[in-house]
Amino acid sequence: MSAGRDDGAAVAAGAGGGPGPQRGDVTAGAGGGPSPRRTARLGERRAYAYGVTAVFLLLMLAPLFRRPPVDSFPLSTYPMFSWGRHDAQTAVERAVGVDSRGGRRPIPPHLVGSEEVLQAKATLAQSIRQGARAVRALCRGIATRVAAQDGHADIVAVEIRTDTFDAVAFFEGQEAPIDSKLHATCKVGAR
């Protein structure tokens, strides 16, 4: 009789002798595949994932359909390339070294105050916005740094200026500015 009880306990526990199916366990369907309940949950999860993906794709593509077009995250319409320009002129704030023969060449950014070209340009632009006193102070600082450099012994003066160039003509070899505004001039050392 005890053998019968053991056999019944084995059947109740499952073929492997472990505990029977628990709530939430995956049970095989009639064909040995997943149960219909598990298949329904899987379908719901996939539908949710597809829905979330579709929403994010629509959000990403939304800037394309705005009128007028808006350059925005996460999709750029790159207006700087797609919209026409009336001209190719650009104004550049820069420090220029003048040699004893009157020739001019740009002062390297590290002598303006930064190794980074755009930071040096921003330093020049900020001093110009602040007025004549700030421009003269920056000019004197640049002239002092130029005087300390061996590679610039021929430079006798520093100019801070805003030069306007035709960008297309510049890259075709016409490097002279089409307009210039001189903000400050400083002598370099005792040269």
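It should be emphasised that the depicted structure is a prediction, and the values quoted were computed from it without experimental measurement.

Topic: the nonpolar core
Membership of the largest hydrophobic core comes to 18 residues, with the highest contact counts inside it found for Ile 107, Val 112, Leu 124, Ile 142, Val 146, Val 158 and Ile 160. Breaking this core down by element, the ones donating at least two residues are helix H4 (109-112), helix H5 (117-130), helix H6 (132-147), strand E3 (155-166) and strand E4 (179-187). Ranked by the residues each element gives to this core, the list is headed by H6, at 6 residues.

Considerations on a nonpolar patch on the surface
Together, Leu 57, Met 60, Leu 61, Leu 64 and Phe 65 make up a nonpolar patch on the protein surface, roughly 470 Å² of accessible area in all. Mapping Leu 61 onto the fold places it in helix H2 (residues 36-61). For Leu 61, a relative accessible area of 34% translates into the label partly exposed.

Regarding the sheet that holds E4
A sheet is described by the order of its strands in space; here 4 strands give the open sequence E2-E1-E3-E4, paired in antiparallel fashion. A single partner strand is all that each edge strand has here, and the edge strands are strand E2 (104-106) and E4. Direction aside, neighbouring strands of the sheet carry axes that sit 30° apart on average. Pairing between E3 and E4: 8 bridges, direction antiparallel. Bridge pairing links Glu 159 to Thr 185 in E4. Taken strand by strand, H5 contacts strand E1 (89-99), E3 and E4, and its axis lies near 95° from that of E1. Along the sheet, H6 makes contact with E1, E3 and E4, crossing E4 at roughly 60°.

Quick look at the environment of Arg 140
Looking at where Arg 140 falls in the secondary structure, it is placed in helix H6. Residue classification places Arg 140 among the partly exposed positions, given a relative accessible area of 48%. Considered as a pair, Arg 140 and Ala 157 are 17 residues apart in the sequence and their alpha carbons are 9.9 Å apart.

Quick word on the environment of Val 168
Tracing the backbone shows Val 168 in helix H7 (residues 167-171). Distance from Val 168 to Ala 88, taken between C-alpha atoms, is 6.4 Å for residues 80 residues apart in sequence.

A look at the packing of H5 against H6
Here H5 crosses H6 at 140°, and the two axes come no closer than 7 Å. Here Thr 123, Leu 124, Ser 127, Ile 128 and Gln 130 of H5 come into contact with H6, specifically with Ala 134, Val 135, Leu 138 and Ile 142. Residue classes in the contact of H5 with H6 are distributed as 6 nonpolar, 3 polar and no charged.

Things to note about a positive patch on the surface
Taken together, the side chains of Arg 37, Arg 38, Arg 41 and Arg 45 define a basic patch exposed on the protein surface. Relative to the helices and strands, Arg 41 is located in helix H2.

A closer look at the state of the cysteines
Evaluation of the coordinates by the stated rule reveals 1 disulfide. For Cys 139, the disulfide goes to Cys 186, at an S-S distance of 2.2 Å. Linking Cys 139 in helix H6 with Cys 186 in strand E4, this pair joins segments that are 47 residues apart in sequence. No difference in accessibility class separates Cys 139 from Cys 186, as the two residues are buried.

Conventions we followed
Residues take numbers from 1 onward in each chain, read along the sequence in its written order. It should be noted that, the model being predicted, local features are given only for residues of pLDDT at least 70 and side-chain atom pairs only at 80 or more, the latter also being counted only at that level, while totals for whole chains, interfaces and linings use all residues. Excluding hydrogens and water, the side-chain values take into account all heavy atoms of the structure. Here, nonpolar core means buried Ala, Val, Leu, Ile, Met, Phe, Trp, Tyr and Cys residues that are tied together by side-chain atoms lying within 4.5 Å of each other. Only protein chains enter the accessibility calculation, which uses a 1.4 Å probe; a residue whose area is less than 20% of its type maximum is buried, one above 50% is exposed, and one in between is partly exposed. A helix here means a DSSP run of H or I that spans at least four residues, while a strand means a run of E at least two residues long, and both kinds are numbered starting from the N terminus. Residues enter a patch when their relative accessible area is above 30% and they make no salt bridge; the linking distance is 9 Å between like charges and 5 Å between nonpolar side chains (Val, Leu, Ile, Met, Phe, Trp, Tyr). Here the Shrake-Rupley method, with its probe set to 1.4 Å, supplies the accessible areas, and only the displayed protein chains count as covering residues. Salt bridges, as used here, are contacts in which a Lys or Arg side-chain nitrogen is within 4 Å of a carboxyl oxygen on Asp or Glu. When DSSP finds two or more bridges between a pair of strands, those strands are recorded as paired. Lines are fitted to the C-alpha atoms to define the axes, a helix being fitted only along its stretch in contact, and any angle between axes, read from their N-to-C directions, falls within 0 to 180 degrees. Every residue pair with non-hydrogen atoms within 4.5 Å of one another is taken to be in contact. For this classification, Asp, Glu, Lys and Arg are treated as charged, while Ala, Val, Leu, Ile, Met, Phe, Trp, Tyr, Cys and Pro are nonpolar and the rest, including Gly, are polar. Within this scheme the basic residues Lys and Arg register as positive and the acidic residues Asp and Glu register as negative, but His and the chain ends are omitted. By convention, the point assigned to a charge is CZ for Arg, NZ for Lys, CD for Glu and CG for Asp. Cysteine sulfur atoms that come within 2.5 Å of each other are treated as a disulfide pair.

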